[in-house]
Amino acid sequence: MAVILKNIFRITASKLVTNNIQIFTKRSIKTATSDVQIISTEAIKPSSPTPKHLRTYKLSLPDQLCSKLYAPLVFFYSTNCKQQDLRKKSDLLKQSLAKSLTHYYPFAGRLIDSFSVDCNDHGAAFIDANVGCDISKFLQPPDMELLQQLIPPSPQLLKLDISERELLAVQVNLFNSGEMAIGVCFSHGVADGSAIFNFMKMWGEITRGVINDNDNICNNNFVLDCTSLFPPVNFPQPYQFTSPQSSCNIVFKRFLFDGKKIAALKEKMNKELMGNNFDDRLQATRFGVASALIWGAFIAIARERKREIHNKLYSHAMYYTMNVRNKTNPPMIPRCMGNIFWFARAEWSLAENDAIEVASLVREVIKAKRMGREVMHSNEHLGFIKDMEETWEDSRSFVLTSVVGLPCYEVDFGWGKPVWFSVGPFLLLDFAILSSTSDGEGIEAWVVMFKEDMDKFEQEPSIKAYASSNPSIFIGK
C-alpha cells in the first residue's frame, strides 16, 4: 500500500514533507483505529551520568544537513510472547537501553541549535503498547499507514520546541497473536544508517548479555568529534528551499527486487564490464544493479518531463550516500555515532534519446563511487550542496541511500533475529532507500515520488521485470 502525503514544503538541505491531516502523529493515527493501545510512556536515562566534559556534542556539516529529519524504523519478531511476559521483556529492554545510552549518550540529550547537542541525560522515550489484532493485518501486505502505529511519532511533527524533542524514541508492541514489533524513531541529526543499526545491534547484545561494560567493545569511544572532517557552516539564504505554490500528492511505496534476478543481472553486468576493459577492481554489486534499475526509471520519467517543458532539462543526476568511516586516516570504527557520510554523483545526459542501458548506468554508478572518495577531501562542500539542491529542486535528480550491508537483521534481543524490518515513510521527495532482504539475496526499495510519477515508475520495464510492488510478509509460528 502506498502512503499519500499532501501539501509539501521544503526546508534547509532537505525536502521535508508535512501534511494538513498529520497522519504521522500518534493522536491522529489512534482516531483511525483502536488496534494499538499505549500502556505506558517513560524516559530512559543513561545508566551512568555523562561526564561534564562530554556534555556538548558538536554537529558536523552532514549532521546539520540531516538535523531536521527523523528516521522511523520497525523490527518484527516471531517470538510467541504472552501478555504476562511483556512486562519482563519490557523491563529488560529498558535496563539494557539505559546501558546502551551510556555509550551513545547524545541520544539521551537534546538539540541546542544547528551546531550542537546538549548531552544532558534527559533520556530517550520508551513506550509500551498492546496491539489488539493479528500481525497479518499489518503485513499482508504491509500497510505503511498502519505501520506508523507501531513507531513513535516524530517529535518534529508533534511541533515540540527543539529543546523538548527526544533524539531517540522506542515503542515495544505486543500483538494478540504473540509476535512483537519494536519501533524506533531516531534523530538523523546525530546518526546515519551505520550508527543507527550498529546501535540497535549493540543494544540487542547488551540485552542478551553477550557483551557487558567490562568488554573491550564497550571501552571504545563511539562518540567522535567530526567537525574537523566536515566543518559546520551557517547556511546562507540560497540554501533555503521555497514552498511550492500548489498542493501536490506525494507517494511512498515499497518494492521488492527478486534476489535471483538481481544476482543473474549482476553477473551479466560484470561480464560486460570486463569485456569492455573496465577497472576490474570495481565490480557491480547488488546495490549497484538495483540502484541502476531505479535510476533508469527516474531517467525515463525525466525524459518525458523534458518534452513537456520544451527540452529545458539537459541531464539527470543520482546522488547517493557513501559511508566514509573506513576511508578516513585512521579508519573509524563502524559503530561510531554521527553522520559520517558524503554524497557521490552519477549523471546521465538527456540530450539524446539513446536507449537507457543498465550496463551503462551501472558503469556510471561505479565511476561515481570512485570519484566520490575525493569529495570529502576537497574544499568544495558548499558548492556541491548548492549544485545538488538546484538539480533536486527542478526534478533533474533524485537521492538514493542504502543500508545494504549493515546489520539490519542482526538486532537480536534474545528472542531471535527480526523476521522483517521496515523503514517508516521518509518525508523526502524524489528519494529512495535500499536494504537487503532477510535472506541477504534480494533488495527492498522504499521510493518517494509525486503520485503521477509513481504511476509511471511502476510501469517502467526495468521495474516490472525485476521488482514486485509491496508483496506480503509471512511470519511463521
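The rules behind each value
Residues numbered from 1 in each chain as written. Predicted model: local features only at pLDDT ≥ 70, side-chain atom pairs only at ≥ 80, totals over all residues. Heavy atoms only, no water. UniProt positions renumbered as here; feature names shortened; annotations may be inferred. Helix = DSSP H or I, 4+ residues; strand = E, 2+ residues; numbered from the N terminus. Buried < 20%, exposed > 50% of the residue type's maximum accessible area, 1.4 Å probe, protein only. Contact = heavy atoms within 4.5 Å. Areas by Shrake-Rupley, 256 points an atom, 1.4 Å probe, with all protein chains shown as cover. Pairing = 2+ DSSP bridges. Salt bridge = Lys/Arg side-chain N within 4 Å of Asp/Glu carboxyl O. Axes fitted to C-alpha atoms, helices over the stretch in contact; angles between N-to-C directions. Core = buried A, V, L, I, M, F, W, Y, C linked by side-chain atoms within 4.5 Å. Polar contact = N/O pair within 3.5 Å; in protein donor to acceptor, adjacent residues only side chain to side chain. Arc of directions from axis to C-beta. Expected span 1.5 Å × (residues − 1).

- Within the UniProt record for the chain, the comment given under Sequence similarities (unreviewed entry) is "Belongs to the plant acyltransferase family."

Considering the overall build of the chain
Working step 1: For the chain, the helix and strand inventory stands at twelve helices and 17 strands.
Working step 2: Within the chain, buried positions represent 59% of all 477 residues.
Working step 3: Sequence-distant contacts, at least 24 apart, represent 80% of the contacts inside the chain between residues at least 6 apart.
Working step 4: Roughly 19,900 Å² of accessible area belongs to the chain as shown, and the carbon and sulfur atoms make up 49% of that amount.

Section: the pairing of strand β4 (residues 70–77)
Working step 1: The element β4 is largely enclosed, with a buried count of eight among its eight residues.
Working step 2: Burial along β4 is two-sided: Tyr 70, Pro 72, Val 74 and Phe 76 facing one way and Ala 71, Leu 73, Phe 75 and Tyr 77 facing the other are all buried.
Working step 3: Here β4 runs beside strand β14 (residues 420–423); their pairing, made up of four bridges, is antiparallel. Along β14, the bridge assignment pairs Leu 73 with Val 423.

Comments concerning the sheet that holds strand β6 (residues 116–118)
Working step 1: In space, the three strands of this open sheet follow the order β3-β6-β5, with antiparallel pairing throughout. Of all the strands in the sheet, just β3 (56–58) and β5 (110–111) have a single pairing partner and so form its edges.
Working step 2: Sheet topology places β5 next to β6; two bridges connect them, and they run antiparallel. Its bridge partner lying in β6, Arg 110 is registered against Asp 118.

Looking at the pattern of salt bridges
Working step 1: Summed over the entire model, instances satisfying the criterion amount to 14 salt bridges.
Working step 2: One salt bridge connects Arg 55 with Asp 118, and the closest N-O pair in it is separated by 3.0 Å. Of this pair, Arg 55 sits in the loop between β2 (36–44) and β3 while Asp 118 sits in strand β6, placing them 63 residues apart in sequence.
Working step 3: The class of Asp 118 is partly exposed, set by a relative accessible area of 21%.
Working step 4: The partner of Lys 94 in a salt bridge is Asp 128, and the shortest N-O contact between them spans 3.6 Å. Note that Lys 94 is positioned in helix α3 (residues 83–103) and Asp 128 in strand β7 (residues 124–131), a separation of 34 residues in sequence. Taken individually, Lys 94 and Asp 128 each receive the classification buried, so the pair is uniform in this respect.
Working step 5: Each member of the salt-bridge network shares a partner with another, and the members are Glu 42, Lys 94 and Asp 128.

A look at the sheet that holds β7
Working step 1: Ordered by their spatial adjacency, six strands build an open sheet running β2-β7-β8-β9-β4-β14, and the pairing between neighbours is mixed. Of all strands in the sheet, those bounded by a partner on one side alone are β2 and β14. In this sheet, neighbouring strand axes are inclined to one another by 15 degrees on average, regardless of whether the strands run parallel or antiparallel.
Working step 2: Contacting β4, β7, β8 (168–175), β9 (180–187) and β14, helix α6 (residues 193–208) crosses the sheet at an angle of about 40 degrees to β4.

Some details on unusual backbone geometry
Working step 1: For the bond running from Gln 140 to Pro 141, omega is -10 degrees, close enough to zero to count as cis.
Working step 2: When you line up the elements, Pro 141 lands in the loop between α4 (136–139) and α5 (144–147).
Working step 3: Of note in the backbone geometry, Asp 121 takes a positive phi value of approximately 60 degrees without being a glycine.
Working step 4: Locating Asp 121 in the fold gives a position in the loop between β6 and β7.
Working step 5: Residue classification places Asp 121 among the buried residues on the basis of a relative accessible area of 13%.
Working step 6: Not every positive phi belongs to a glycine, and Asp 430 is a case in point at roughly 55 degrees.

Details of the nonpolar core
Working step 1: By size, the foremost hydrophobic cluster in this structure holds 102 residues, and its most contacted members are Phe 76, Phe 107, Phe 138, Leu 150 and Phe 199.
Working step 2: For this core, the element with the highest residue contribution is α6, accounting for eight residues.
Working step 3: Residues contacting Phe 76, with those up to four places away along its chain left out, are Ile 135, Leu 139, Leu 147, Leu 150, Phe 175, Met 180, Ala 181, Pro 418, Val 419, Trp 420 and Ile 475.
Working step 4: Leu 273, Ile 299, Ile 366 and Phe 457 belong to the second-largest nonpolar core, a separate cluster that totals 45 residues.

Some remarks on the environment of Ile 299
Working step 1: Structurally, the position occupied by Ile 299 is in helix α8 (residues 286–308).
Working step 2: Here Ile 299 falls in the buried class, since its relative accessible area comes to 0%.
Working step 3: C-alpha of Ile 299 to C-alpha of Ser 315: the two residues are 16 residues apart in sequence and 8.8 Å apart in space.
Working step 4: With residues near it in sequence (within four places) discarded, Ile 299 still touches His 316, Trp 348, Leu 350, Ile 356 and Leu 361.

Quick look at the environment of Asp 225
Working step 1: Here Asp 225 shows up in the loop between α6 and β10 (249–257).
Working step 2: Taking relative accessible area as the criterion, Asp 225 reaches 48% and is therefore assigned partly exposed.
Working step 3: In this structure the side chain of Asp 225 is engaged in a polar contact, spanning 2.5 Å, whose partner is the side chain of Thr 227.

Points about helix α11 (residues 451–459)
Working step 1: Three or more residues of α11 are buried, namely Asp 453, Met 454, Phe 457 and Glu 458. Viewed end-on, α11 has its buried residues packed into an arc of 135 degrees, placing them on one side of the element. Residues of α11 that are exposed and point over 90 degrees away from its buried face: Glu 452 and Gln 459.

So, helix α7 (residues 259–275)
Working step 1: For α7, with 17 residues, the first-to-last C-alpha span of 24 Å sits near the 24 Å given by 1.5 Å per residue.
Working step 2: Listing the buried residues of α7 in full gives Gly 259, Ile 262, Leu 265, Met 269, Asn 270 and Leu 273. Along the axis of α7, the buried residues cluster in a sector spanning 140 degrees; they form a single face. Residues of α7 that are exposed and point more than 90 degrees away from the buried face comprise Lys 260, Lys 271, Met 274 and Gly 275.
Working step 3: Between the side-chain oxygen at the start of α7 and the backbone nitrogen of Lys 260 there is a gap of 3.1 Å, and the oxygen is on Asp 258.

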